[in-house]
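Each chain, written out:
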Amino acid sequence: MGERERREKARAEDARKAIDRVNAESETILGSSTRRMATRARDHLGGADKDQSDRIEVWGTRIGRSLGLIVAAGLLIYLAATYLG
């Protein structure tokens, strides 16, 4: 019986290590992709791809992209209320 208990403990320890490894890897993947998407969205709406020395172009890009986001969200709400409600 002593051998059987040792094998069970070893299997349980291996399973625990595997679960811990999967949890650590999934947190890294999920966290990094979420962070990357948020950074890309912030840079896009902030006009980071425009010439930063031309303030009018940067602010025009920011305003236009923000208004586009607001209009798209409003359209989604309207369509959902009209066709799903």
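Preceding this section is the structure that the text describes.
In what follows, the accompanying structure is described. Keep in mind it's a predicted model, so treat the numbers as computed, not measured.

Details of the overall build of the chain
Each helix and strand counted, the chain has 2 helices and 0 strands in total. Each principal axis of the C-alpha atoms in the chain carries an extent, and together these give about 80 × 45 × 10 Å. Within the chain, buried positions represent 5% of all 85 residues. Entry remark: accessible area of the chain is about 7600 Å², with carbon and sulfur atoms responsible for 61%. One way to put it: in the chain the 16 positive side-chain charges average out to a point 2 Å from where the 13 negative ones average out.

As for the pattern of salt bridges
Using the criterion set out here, one finds 5 salt bridges in the structure. Between glutamate 13 and arginine 16 there is a salt bridge, with its nearest N and O atoms 2.8 Å apart. With a gap of 3 residues between them, glutamate 13 and arginine 16 both fall in helix 1 (residues 2-46), about one helical turn apart. A salt bridge links aspartate 49 to arginine 65; the nearest nitrogen and oxygen atoms lie 3.2 Å apart. With aspartate 49 in the loop between helix 1 and helix 2 (55-83) and arginine 65 in helix 2, this residue pair connects regions lying 16 residues apart in the sequence.

Comments concerning a nonpolar patch on the surface
Taken together, the side chains of Leu75, Tyr78, Leu79, Tyr83 and Leu84 present a nonpolar region at the surface, about 630 Å² in accessible area. On the secondary structure map, tyrosine 83 appears in helix 2. Given a relative accessible area of 65%, tyrosine 83 falls into the exposed group.

Overview of helix 2
Compared with an ideal rise of 1.5 Å per residue, which puts 29 residues at 42 Å, helix 2 spans 42 Å between its outermost C-alpha atoms and is within 8% of the ideal. Where helix 2 is concerned, the buried positions are Val58, Thr61 and Arg65.

Thoughts on the packing of aromatic side chains
This structure, assessed with the given rule, holds 0 aromatic pairs. Directly above the ring of tryptophan 59 sits arginine 62, whose terminal nitrogen or CZ lies 4.8 Å from the centroid.

The rules behind each value
- Residues numbered from 1 in each chain as written.
- Predicted model: local features only at pLDDT ≥ 70, side-chain atom pairs only at ≥ 80, totals over all residues.
- Heavy atoms only, no water.
- Helix = DSSP H or I, 4+ residues; strand = E, 2+ residues; numbered from the N terminus.
- Buried < 20%, exposed > 50% of the residue type's maximum accessible area, 1.4 Å probe, protein only.
- Areas by Shrake-Rupley, 256 points an atom, 1.4 Å probe, with all protein chains shown as cover.
- Lys, Arg positive; Asp, Glu negative; His and termini not counted.
- Charge placed at Lys NZ, Arg CZ, Asp CG, Glu CD.
- Salt bridge = Lys/Arg side-chain N within 4 Å of Asp/Glu carboxyl O.
- Patch = residues over 30% accessible without salt bridge, like charges linked within 9 Å, V, L, I, M, F, W, Y side chains within 5 Å.
- Expected span 1.5 Å × (residues − 1).
- Phe/Tyr/Trp six-rings, centres within 6.5 Å; stacked < 30°, edge-to-face > 60°.
- Lys NZ or Arg CZ within 6 Å of the ring centre and 35° of its normal.

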